[in-house]
Amino acid sequence: TERLKSGLAKTRDKLGKQLAGLFGGGKIDDELYEELEAVLLTSDMGMDATSHLLRDVRERVSLKGLKDASELKGALKEALVELIQPLEQPLQTHGKKPYVIMLAGVNGAGKTTSIGKLAKYFQSQGKSVLLAAGDTFRAAAREQLIAWGERNNVTVIAQQSGDAAAVCYDAMQAAMARGIDIVIADTAGRLPTQLHLMEEIKKVKRVIQKAIPDAPHEVVLVLDANIGQNAINQVVAFDEALGLTGLILTKLDGTAKGGVIAGIAKQHPVPLRFIGVGEGIDDLRPFSTRDFVDALFD
Ligand code: GDP
């Protein structure tokens, strides 16, 4: 939790300190609620989540007959936990072999880095991992993945030329032939507005399905937390195109916009499988509501 706290230092600094100011003392009154609203909005959770939390906090305050501002913290923590708890659904990979994970996201979101961290995470659980170098737009991405695989003893399926769907199809065949536990398919970065590229990634998904009928078992959107409120638009667009089953929110360590998690929970909830709080291999963690809220407030 210490590591998580330092990873969330920027969000803590901004949100936590401003809140601490509010909870310092005095009466709970309309002015305090207005200040609370302003503080919540600066954390990028958006209007919907902010209004929801305020309503919920007011209810808790009146139900419990709270009077003092210092008691507001507990009410806010409870409201926040209740709002984002539905996002906490750790990835379960048992029961499918191979279990196929497909990643999507815009350029620079942290896909390649997250693949490395995920591969290590699964290896540490004793599972075999195979990577599909489905980012066929950037030769460097393929080379990066191959080099990483060699260093870490992970098989990488790649093609000199060819399209992403073909690479992924090959990877599914290879994984079945070798009895691999987990397949992670990388894909090229793309914006939801690049319609031809969105068609291409839909095709990748269809071809994976053709190789293994119930795959991909997990379709993850990787999001950079720095984009704040925009993350919600990306979740909506990628979900519509691909049917998302999970999210990875990266770079929470570099931003004060951690409140976006509450925005996603309110506006378009998709399970938040992992959060990235640094560049180190252990800095991708399964999302825990309790740990997250505690790290923000305590
Ligand atoms: P891709 O284009 O989606 O594959 O993005 P990359 O995996 O290449 O990541 C882009 C940059 O973000 C790299 O410099 C990564 O080291 C960095 N990065 C990814 N995840 C995190 C994170 O959780 N925290 C920090 N600080 N940097 C990250």
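Before reading further, recall that the structure is shown in the block above.
What counts and what doesn't
- Residue indices follow the written sequence of each chain, beginning from 1 at its first position.
- With the structure being a predicted model, the display of local features is reserved for residues of pLDDT at least 70 and the display and counting of side-chain atom pairs for 80 or more, all residues being used for whole-chain, interface and lining totals.
- In computing side-chain values, all of the structure's heavy atoms are included and hydrogens and water are not.
- By convention in these notes, a residue is near a molecule or strand provided one of its non-hydrogen atoms lies within 4 Å of it.
- Two N or O atoms count as a polar contact when they lie within 3.5 Å, although within protein this holds only if one can serve as hydrogen donor and the other as acceptor, and sequence-adjacent residues are included solely when both atoms are side-chain atoms.
- Throughout, the Shrake-Rupley method with a 1.4 Å probe supplies accessible areas, and for residues the shown protein chains are the sole cover considered.
- As defined here, a cavity is a set of points on a 1 Å grid over the protein atoms alone where a 1.4 Å probe fits but cannot get out. A pocket is an open set with protein on both sides within 12 Å along at least five of seven lines, and residues line them when an atom is within 4 Å of a point.
- If over half the atoms of a molecule are within 2 Å of the grid points of a cavity or pocket, the molecule is regarded as sitting in it.
- By definition, any uninterrupted DSSP run of H or I lasting at least four residues is a helix, any uninterrupted run of E lasting at least two residues is a strand, and each is numbered from the N terminus.
- Gly is placed with the polar residues, together with every amino acid not listed as nonpolar (Ala, Val, Leu, Ile, Met, Phe, Trp, Tyr, Cys and Pro) or charged (Asp, Glu, Lys and Arg).
- Any Lys or Arg side-chain nitrogen located within 4 Å of an Asp or Glu carboxyl oxygen qualifies as a salt bridge.
- Burial classes: relative accessible area under 20% of the type maximum marks a residue as buried, over 50% as exposed, and values in between as partly exposed (1.4 Å probe, protein chains only).
- In this analysis, two residues are considered to be in contact whenever any of their non-hydrogen atoms come within 4.5 Å of each other.
- DSSP-based pairing: two strands are paired if at least 2 bridges between them are found.
- Every angle, taken between N-to-C directions, lies between 0 and 180 degrees, and every axis is a line fitted to C-alpha atoms, over only the stretch in contact when it is a helix.

(A) Expanded view of the site of the ligand. With respect to spatial proximity, 16 residues lie near the ligand, and among them G108, T112, T113, D253 and E279 are the closest. Between the ligand and G110, the relevant distance is 2.9 Å, taken from an oxygen atom to a main-chain nitrogen or oxygen of the residue. Contact distances for the ligand include 2.7 Å between an oxygen atom and a backbone N or O atom of K111. When the free accessible area of the ligand is taken as 580 Å², the share hidden by the protein chains comes to 77%. Comparing atom positions with the cavity grids shows the ligand to sit within the largest pocket. It is helix α6 (residues 111-123) that contributes the most residues to the shell around the ligand, four residues altogether. Of the residues in the shell around the ligand, the class split is three nonpolar, eight polar and five charged.

(B) Quick peek at the pattern of salt bridges. In the structure shown here, the tally under the stated rule is 17 salt bridges. Residue D214 pairs with K96 through a salt bridge whose shortest N-O separation is 2.9 Å. Here K96 lies in the loop between α5 (72-84) and β1 (99-104) and D214 lies in the loop between α9 (195-211) and β5 (218-224), a separation of 118 residues in the sequence. Judged by its relative accessible area of 41%, D214 falls in the partly exposed class. Judged by its relative accessible area of 38%, K96 falls in the partly exposed class.

(C) Just the environment of L66, in detail. Take L66: it is sitting in the loop between α4 (46-64) and α5. Judged by its relative accessible area of 17%, L66 falls in the buried class. For the pair L66 and A265, spaced 199 residues apart in sequence, the C-alpha to C-alpha distance is 27 Å. Leave out the neighbours within four places in its chain, and L66 touches I28, V61, E71 and A75.

(D) Fine view of the sheet that holds strand β7 (residues 272-276). As summarised here, the arrangement of the eight strands in space is β3-β2-β4-β1-β5-β6-β7-β8, forming an open sheet in which the pairing is mixed. The sheet terminates laterally at β3 (155-157) and β8 (284-286), the two strands that pair on one side only. Each strand axis lies, on average, 25° off the axis of its neighbour in the sheet, ignoring direction. Sitting on the sheet, α6 touches β1, β2 (129-132), β4 (182-185), β5, β6 (246-250), β7 and β8, and the angle it makes with β4 is about 175°.

(E) Representation of the side chain of H217. Here H217 shows up in the loop between α9 and β5. Separated by 2.8 Å, the side chain of H217 and the backbone nitrogen of V100 make a polar contact. At 3.1 Å, the side chain of H217 and the side chain of D214 are in polar contact. Filtering out sequence-adjacent residues up to four positions away, H217 remains in contact with K96, P98, Y99, V100 and T245.

(F) Seen up close, the side chain of Q159. Structurally, Q159 is set in the loop between β3 and α8 (164-178). The contact partners of Q159, leaving out residues within four places of it in the chain, are R142, A166, V167 and D170.

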